[in-house]
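Chain and residue survey
Residues per chain are reported as follows:
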Amino acid sequence: MNLKSKKTDYKSKDLFKSAKRSIPGGVNSPVRAFKAVGGTPVFFEKAKGAYLFDVDGNKYIDYIMSWGPMLLGHGHKTVVNTIKKQVDKALTFGAPTELEVQLAEKICSIVPGMEMIRMVNSGTEATMSAIRLARAYSGRDKIVKFEGCYHGHSDSLLVKAGSGALTMGEPSSPGVPECLAAHTITLPYNDISKVSNLFDQLGSQIAAIIVEPVVGNMNCIPPIPGFLEKLRECCTKHDALLIADEVMTGFRVSSKGAMAHYKVSPDLICLGKVIGGGLPVGAFGGKKSIMELISPSGSVYQAGTLSGNPIAMACGLATIDLITKEDFLNPVIENTKSLCEGLSQAAKNHNISFTTNQAGTMWGYFFSTEAKVTSYDQVMACDTDKFKRFYHSMLDQGVYFAPASFEAGFMSSAHTKEDIDYTIEAANKAFSALQN
Ligand code: HOZ
């Protein structure tokens, strides 16, 4: 396989220099700046299937897939043609369309517990709106989130957050009013007894728990058995709402989502990424009795000029049609498993302490001495120096992993066995270099 043939980054370097003059840190989303791994971010020009092509003419196997949405790979013909057709009709109306009804009905028919849904433009909007709704519904202010979970960058949720907030060393951002942050209680993810204890003390003040059912923002951490069930139990007992942030996990951990996979019913569900098929879409929804409080059927205000815009709806519909076909997801899950097993074996070949996690088509790797990584503390104890060296060695060989150890990896249906074999072979070389 001929990947990073030119081994140059001249244009990326120049572009990053220019970008820093007009864009804070040179990027429009912090993790992209390569702060966690050092060096220059790669500037891309085009993508096809499982591959990315940078401005210097190099080719990479992509395991970020735009942080999740590209489950079908880049530039899927049907999806692209659908978008092209829709572009000829209209870009946006700021008025109702048949497409948004179709997408709403489609998602409600697939995701258990989704009785009504409101489209927005990003995951951040979805979680922010779900929190407002939960507070209005319950008449309570306090919310519970988990350390290292990232639910977008709205004020109430940017407290002990994961993803870029963790990478930049600012898990609780300046600028969030203390009086607002005081209503956000943060607990360790996968710590069942802490959840019980909190609800025993403060249950009657808690509006909602929000959780990533599989955390994809402090690497990839699946729930331990009983954790999600305990959240449901506490919420039910204390009349709080359980909000599942499935922005990453939706249609990826299983075609019905992670909560369906773990057989736990949330009250509200937030979606994003995959449902837009690569265009900016988010959504929140759930029980009708709660969703009807949203304006204009209720008084909880939420709005957006581009919400439900026809291009994004058409793209989302075409994508969901394809990815919910029977037997679509299983081969992608199998490939994810092969990759994780292959990487683990390669590390073992070189006596490197290393482990992987997988949840459906999401996965992650850790330079850890632990057999399994299930907690924030274990993630924080991983060897970041080895991570950086491994990362750059893989990048040099044309494998594009997430440039931070707090991010998950994403597989697509476009990845082939040959791509995975190449990646494992490259990892063998990278692990061998780590021994020196
Ligand atoms: N917050 C995203 C990953 N968890 C990164 C978004 C981006 O840089 O595009």
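Structural notes, computed from the coordinates. All values derive from a computational prediction rather than experimental measurement.

1. Looking at the overall build of the protein chain
Assigned secondary structure in the protein chain consists of 15 helices and 14 strands. In terms of overall dimensions, the protein chain is globule-like: its C-alpha atoms have a radius of gyration of 21 Å, near the 22 Å expected for 436 residues. With respect to the three principal axes, the spread of C-alpha positions in the protein chain is 60 × 55 × 45 Å. The burial tally for the protein chain puts 57% of its 436 residues in the buried class.

2. Description of the packing of aromatic side chains
Scanning the entire structure with this criterion turns up 25 aromatic pairs. Between F16 and F43 the ring centres are 6.4 Å apart and the planes differ by 55 degrees, which places this aromatic pair in the tilted class. Here F43 lies in the loop between α1 (10–22) and β1 (44–48) and F16 lies in helix α1, a separation of 27 residues in the sequence. Arranged with centres 5.4 Å apart and planes meeting at 15 degrees, the rings of Y365 and F387 form a pair that is stacked. Of this pair, Y365 sits in strand β12 (residues 362–366) while F387 sits in helix α14 (residues 384–396), placing them 22 residues apart in sequence. Residue Y365 is classed as buried on the basis of its relative accessible area, which comes to 7%. Classification of F387 as buried rests on a relative accessible area of 5%. Linked through ring pairs, F34, Y63, F354, W363, Y365, F367, F387, F390, Y391, F401 and F431 together constitute an aromatic cluster. Positioned over the ring face of F53 is K46, at 5.3 Å from the centre of the ring. Seen from the ring of Y51, K59 lies directly overhead, with NZ or CZ sitting 4.3 Å from the centre.

3. Comments concerning the site of the ligand
With respect to spatial proximity, the complete set of residues near the ligand consists of S29, R32, W67, Y150, S163, N217, M248 and E407. Taking S29, its side chain carries an N or O atom lying 3.0 Å from an oxygen atom of the ligand. Within the side chain of E407, one N or O atom sits 2.7 Å away from a nitrogen atom of the ligand. Compared with its free state, where it exposes 290 Å², the ligand has 87% of that area covered by protein. Partitioned by chemical class, the residues of the shell around the ligand number three nonpolar, three polar and two charged.

4. Regarding the pairing of strand β8 (residues 241–245)
Burial of β8 is extensive: five of the five residues sit out of reach of the surface. Here β8 shows no split at all, with L241, I243 and D245 on one side and L242 and A244 on the other all buried. Judged from the four bridges that link them, strand β7 (residues 206–211) and β8 form a sheet pairing that is parallel. Within the sheet, the bridge partner assigned to V211 lies in β8 and is A244. One crossover worth recording links β7 to the parallel β8 by way of helix α8 (residues 227–237), and it is right-handed.

5. Some points on the packing of helix α2 (residues 77–89) against helix α11 (residues 310–323)
Relative orientation of the contacting elements α2 and α11 amounts to 155 degrees, with a least axis distance of 9 Å. With respect to α11, the axis of α2 lies roughly antiparallel. Crossing of α2 against α11: the hand is right-handed. Contact with α2, carried on its side by T78, V79, T82, I83, Q86 and V87, involves P310, I311, A314, C315, A318, T319 and L322 of α11 and no other residues of that element.

6. Details of the sheet that holds strand β13 (residues 399–400)
Taking strand neighbours across the sheet as the criterion, the four strands line up as β1-β2-β3-β13 in an open arrangement whose pairing is mixed. The open sheet has two edge strands, β1 and β13, and neither has a second partner. Pairing geometry for strand β3 (residues 59–62) and β13, over two bridges, is parallel. Along β13, the bridge assignment pairs D62 with Y400.

7. Digging into the pattern of salt bridges
Under the criterion given, the structure shown has ten salt bridges. Residue D267 is joined to R232 by a salt bridge in which the shortest nitrogen-to-oxygen separation is 3.1 Å. Linking D267 in the loop between α9 (258–261) and β9 (268–272) with R232 in helix α8, this pair joins segments that are 35 residues apart in sequence. Across the pair, exposure class does not vary: D267 and R232 are buried alike. Taking the shortest distance from any N to any O, the salt bridge between R389 and D385 comes out at 3.8 Å. Here the residue R389 and the residue D385 both occupy positions in helix α14, the gap between them amounting to four residues, near one helical turn. Given the relative accessible area of 37%, R389 is considered partly exposed.

The rules behind the values
Residues numbered from 1 in each chain as written. Predicted model: local features only at pLDDT ≥ 70, side-chain atom pairs only at ≥ 80, totals over all residues. Heavy atoms only, no water. Helix = DSSP H or I, 4+ residues; strand = E, 2+ residues; numbered from the N terminus. Rg over C-alpha atoms; globule rule 2.2 N^0.38 Å. Buried < 20%, exposed > 50% of the residue type's maximum accessible area, 1.4 Å probe, protein only. Phe/Tyr/Trp six-rings, centres within 6.5 Å; stacked < 30°, edge-to-face > 60°. Lys NZ or Arg CZ within 6 Å of the ring centre and 35° of its normal. Near = heavy atom within 4 Å. Polar contact = N/O pair within 3.5 Å; in protein donor to acceptor, adjacent residues only side chain to side chain. Areas by Shrake-Rupley, 256 points an atom, 1.4 Å probe, with all protein chains shown as cover. Nonpolar A, V, L, I, M, F, W, Y, C, P; charged D, E, K, R; others polar. Pairing = 2+ DSSP bridges. Right-handed = clockwise from strand over helix to strand, strands pointing away. Axes fitted to C-alpha atoms, helices over the stretch in contact; angles between N-to-C directions. Parallel < 35°, antiparallel > 145°, perpendicular 65-115°, else oblique. Left-handed = near helix turned anticlockwise from the far one by under 90°. Contact = heavy atoms within 4.5 Å. Salt bridge = Lys/Arg side-chain N within 4 Å of Asp/Glu carboxyl O.

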